[in-house]
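The chain contents come next:
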Amino acid sequence: MSSTTTAVVAGPDDDGIGAALEGEGVDVTRLDGVISRPQLEEAGVVGVDLYVLTDVGQATTIPIVCDLNDDVRTVVYARRTVPEFVKGQLDIAIDPQLMDARVVADELVD
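Residues numbered from 1 in each chain as written. Predicted model: local features only at pLDDT ≥ 70, side-chain atom pairs only at ≥ 80, totals over all residues. Heavy atoms only, no water.

Draft legend 1. Structural context of helix α3 (residues 61-68). For α3, the complete set of buried residues consists of T61, I62, V65, C66 and L68. Buried residues of α3, seen end-on, are gathered within an arc of 165° and therefore sit on one face of the element. Residues of α3 that are buried sit in contact with α2 (37-42), β3 (50-53) and β4 (73-77). (Buried < 20%, exposed > 50% of the residue type's maximum accessible area, 1.4 Å probe, protein only. Helix = DSSP H or I, 4+ residues; strand = E, 2+ residues; numbered from the N terminus. Arc of directions from axis to C-beta. Contact = heavy atoms within 4.5 Å.)

Below, the structure written as structure tokens:
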């Protein structure tokens, strides 16, 4: 990629995906707590390359992100199963227990 890859990491980052992405040169914005559409817009999700969700309890943010940004790649990096209603708008779901954050970050940036 010619320009810097950008990402929003939403939810607690206990498994270090944000730091791993930064290690790959990605410009990361973090969101935590209950996430609303205005917060997503303020975080710049309209123009990011990646939306990484670490809290499946916030899965309703994925359709919002897809509505705001047609080109975003949506990723869930969480131990819990993704709700069925989101699966159609999700590019990839990965369990941190199965794949280390550095490996995931490397794959997402390539």
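Anyway, onward from the coordinates.
Draft legend 2. Region of interest: the pattern of salt bridges. Across all of its chains, the model carries six salt bridges by this definition. The partner of D67 in a salt bridge is R37, with the nearest N and O atoms 3.1 Å apart. Residue D67 is found in helix α3, and its partner R37 is found in helix α2; the two are separated by 30 residues along the sequence. Across the pair K87 and E84 runs a salt bridge whose closest N-O atoms are separated by 3.4 Å. Among the residues examined, K87 registers a relative accessible area of 38% and is labelled partly exposed. On the basis of relative accessible area, E84 is assigned to the exposed category, the value being 61%. (Salt bridge = Lys/Arg side-chain N within 4 Å of Asp/Glu carboxyl O.)

Draft legend 3. Structural view of the environment of D55. Relative to the elements of secondary structure, D55 occurs in the loop between β3 and α3. Note: C-alpha distance between D55 and R80 (25 residues apart in sequence) is 8.2 Å. Apart from residues no more than four positions distant in its own chain, D55 is found in contact with A10, G11, P12 and R80. A polar contact is formed between the side chain of D55 and the backbone nitrogen of G57, at a distance of 2.9 Å. (Polar contact = N/O pair within 3.5 Å; in protein donor to acceptor, adjacent residues only side chain to side chain.)

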